[in-house]
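Coordinate inspection notes
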Amino acid sequence: MTYRQTTVRPIAGALGAEISGVDLSAPLDDASFADIHAAYLEHLVLFFPDQRLDPEALIALGRRFGELEAHPFLPNLKDHPEVVLLQKKETAETNVGNGWHSDMSFLETPPAGSVLYALDVPPYGGDTLFANMYLVHDSLSDGLKQMLGGRSAIHDYTRVFLEAARRGRTSASMEDIEAARDEMPPVEHPVFRTHPETGRKLLYVNPFFTSHLKDISPDESRPILEYLYQQTAKPESTCRYRWREHTVALWDNRCTQHYAVNDYHGHRRTMHRITIRGDRPF
Ligand code: SIN
């Protein structure tokens, strides 16, 4: 792939590239946007070091890619509800996103993409891992693909957020989260989803939000899902990013999963995140 305006440097074989030659705080011209969009479809997660983005600029950047989606439970910025504040303070024990997931797969129309901007980075640790879910799909045997092809899985936000509320890790109370159950009942998504832009098939189940395979009990589903999650976490399916302050990451939330490593106790890590609205998986 040839890029006209930007330099694209892959960081791993599976996915991920660092991009230079672009200032994300200014409106993106069409040539730069075309490069970034092509690199996003090719490398699935892009990292842009040395950017300066206040919440307005972060929102403007996200809107270049589509409408934004506010998060129902995570704490957000008072004047900018679209911007989620992901912060682990020095005294905290737990962090948000500490497990493989794709953002908000519990929605009927989960986000197409997410943008994360690093404000405070710990002196070590706090990396984020990403997995290429096309690669995981393609690595499965024909027999397993046949068995799971055409099948759906159930995604339920209560798996993670009730637990988070129990531990005081979201700004929403247990009552708020339980009350939202009627408005946000569990949803079904295909186990193998087709990416609407590339037409490629990918594995779309994740340990945070997938409760079980449709018409297969949770107990029966578990070993199958566990096998799929092991393939997701294989080093060859993933990349790992060491953050520096003022780096922006943009990932395709349809065909990747990510995992925020919690290994920097006693240090602060602060990120701003926005998510870009997506389509119903098919
Ligand atoms: C998330 O979006 O799950 C958080 C990722 C991170 O903080 O690295």
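Each chain carries its own residue numbering, running from 1 in the direction its sequence is written. Local features in this predicted model are restricted to residues whose pLDDT is 70 or higher, and side-chain atom pairs enter the listing and the counts only when it is 80 or higher, whereas totals over whole chains, interfaces and linings include all residues. Values shown for side chains rest on all heavy atoms present in the structure; no hydrogens or waters enter the calculation.

Re the pattern of salt bridges
Here a salt bridge means any side-chain nitrogen of Lys or Arg lying within 4 Å of a carboxyl oxygen belonging to Asp or Glu. Counting across every chain of the model gives 16 salt bridges. As a salt-bridge pair, Arg-254 and Glu-197 come within 2.8 Å of each other at their nearest N and O atoms. Of the two residues, Arg-254 sits in the loop between β15 (248–252) and β16 (256–260) while Glu-197 sits in the loop between β11 (192–194) and β12 (201–203), which places them 57 residues apart along the sequence. Arg-254 gets classed as buried once you look at its relative accessible area, which sits at 6%. Linked by salt bridges that have partners in common, Arg-9, Glu-18 and Arg-244 make up one network. Helix numbers and strand numbers start at the N terminus; a helix is a DSSP run of H or I with at least 4 residues, a strand a run of E with at least 2. Residue burial is assigned from relative accessible area. The probe radius is 1.4 Å, only protein chains are included, and a residue is buried under 20% of its type maximum, exposed over 50%, and partly exposed in between.

What to know about the packing of aromatic side chains
For any two aromatic rings, the description comes down to two numbers: the centre-to-centre distance and the angle of the planes. Pairing of aromatic rings covers Phe, Tyr and the six-membered ring of Trp, with a centre-to-centre limit of 6.5 Å; geometry is then stacked below 30 degrees between planes, edge-to-face above 60, and tilted otherwise. Taken as a whole and assessed by the stated rule, the structure comprises 12 aromatic pairs. Aromatic rings pair up to connect Phe-47, Phe-130, Tyr-241, Trp-243 and Trp-251 into one cluster. By definition here, charges over rings are those cases where NZ of Lys or CZ of Arg is within 6 Å of the ring centre and within 35 degrees of the ring normal. Directly above the aromatic system of Phe-33 lies the positively charged group of Arg-64, at a separation of 4.4 Å from the ring centroid. The ring of Tyr-134 has Arg-200 sitting right over it, with the charged end atom 4.1 Å from the ring centre.

Focus on the sheet that holds strand β8 (residues 128–132)
Spatially, 3 strands are ordered β14-β8-β16 in an open sheet, and the strand pairing comes out antiparallel. The open sheet is flanked by β14 (238–241) and β16, the only strands paired with a single partner. Between one strand axis and the next, the sheet turns by 20° as a mean value, whatever way the strands run. Note on pairing: DSSP must find at least two bridges between two strands before they are called paired. Lines fitted to C-alpha atoms define the axes here, with helix axes fitted over just the stretch in contact, and angles between the N-to-C directions of these axes take values from 0 to 180 degrees.

Comments concerning the site of the ligand
Any residue with a heavy atom lying within 4 Å of a molecule or strand is counted as near it. In the neighbourhood of the ligand, the contacting residues comprise Leu-86, Gly-97, His-101, Asp-103, Leu-116, Thr-128, Trp-251, His-258, Ala-260, Arg-269 and Arg-273. Between N or O atoms, a polar contact is any pair within 3.5 Å; within protein, one atom must be a potential hydrogen donor and the other a potential acceptor, and residues adjacent in sequence are included only when both atoms are from side chains. Thr-128 places a side-chain nitrogen or oxygen 2.6 Å from an oxygen atom of the ligand. The Shrake-Rupley method, run with a 1.4 Å probe, gives the accessible areas here. Residue values count only the displayed protein chains as cover. When the free accessible area of the ligand is taken as 260 Å², the share hidden by the protein chains comes to 99%. Classifying every residue of the shell around the ligand by side-chain character gives 4 nonpolar, 4 polar and 3 charged. Each residue gets one label: Ala, Val, Leu, Ile, Met, Phe, Trp, Tyr, Cys and Pro are nonpolar, Asp, Glu, Lys and Arg are charged, and the others, such as Gly, are polar.

A short note on the pairing of strand β2 (residues 17–20)
When strand β1 (residues 7–10) meets β2, the two strands line up antiparallel, connected through 4 bridges. Residue Thr-7 lies in a different strand from β2, and its bridge partner there is Ser-20. Taking the residues that link successive antiparallel strands as the turn, the β1-β2 hairpin has 6 residues, and the phi of Gly-16 there is positive, at about 100°. Across 2 bridges, β2 lies against strand β3 (residues 45–48) in parallel orientation. Looking at β3, one finds that Ala-17 is bridged to Leu-46. Handedness of a crossover is defined as follows: orient the strands so they point away from the viewer, and if the path from the first strand over the helix to the second runs clockwise, the crossover is right-handed. Traced from β2 through helix α1 (residues 30–43) to β3, the parallel crossover comes out right-handed.

Some words on helix α2 (residues 55–65)
Along α2, the residues classified as buried are Pro-55, Ala-57, Leu-58, Ile-59, Leu-61, Gly-62 and Phe-65. Positioned one or two residues after α2, Gly-66 has a phi angle of 155°, which is positive.

Remarks on the environment of Ser-237
Within the fold, Ser-237 resides in the loop between α7 (218–233) and β14. In this structure the C-alpha to C-alpha distance between Ser-237 and Leu-15, which are 222 residues apart in sequence, comes to 7.9 Å. Within the structure, Ser-237 has its side chain in polar contact with the backbone oxygen of Gln-231 (distance 2.8 Å).

Section: the environment of Met-174
Of note, Met-174 is situated in helix α6 (residues 174–179). Sequence spacing of Met-174 and Leu-162 is 12 residues, and the spatial spacing of their C-alpha atoms is 6.1 Å.

Remarks on the side chain of Ser-102
Looking at the element boundaries, Ser-102 is found in the loop between β6 (80–88) and β7 (113–120). For Ser-102, a relative accessible area of 2% puts it in the buried group. Should any heavy atoms of two residues lie within 4.5 Å, those residues are counted as being in contact. Apart from residues no more than four positions distant in its own chain, Ser-102 is found in contact with Tyr-204, Asn-206, Phe-209, Asn-253, Thr-256, Gln-257 and His-258.

Observations regarding the environment of Tyr-241
Within the secondary structure, Tyr-241 sits in strand β14. Residue Tyr-241 is classed as buried on the basis of its relative accessible area, which comes to 4%. Considering only alpha carbons, one finds Tyr-241 and Val-22, 219 residues apart in sequence, at a separation of 20 Å. Every residue in contact with Tyr-241, bar those within four places of it in the chain, is listed here: Ile-11, Glu-18, Phe-47, Pro-49, Asp-127, Thr-128 and Thr-247.

So far we have only geometry, and geometry alone does not tell us how the molecule works.
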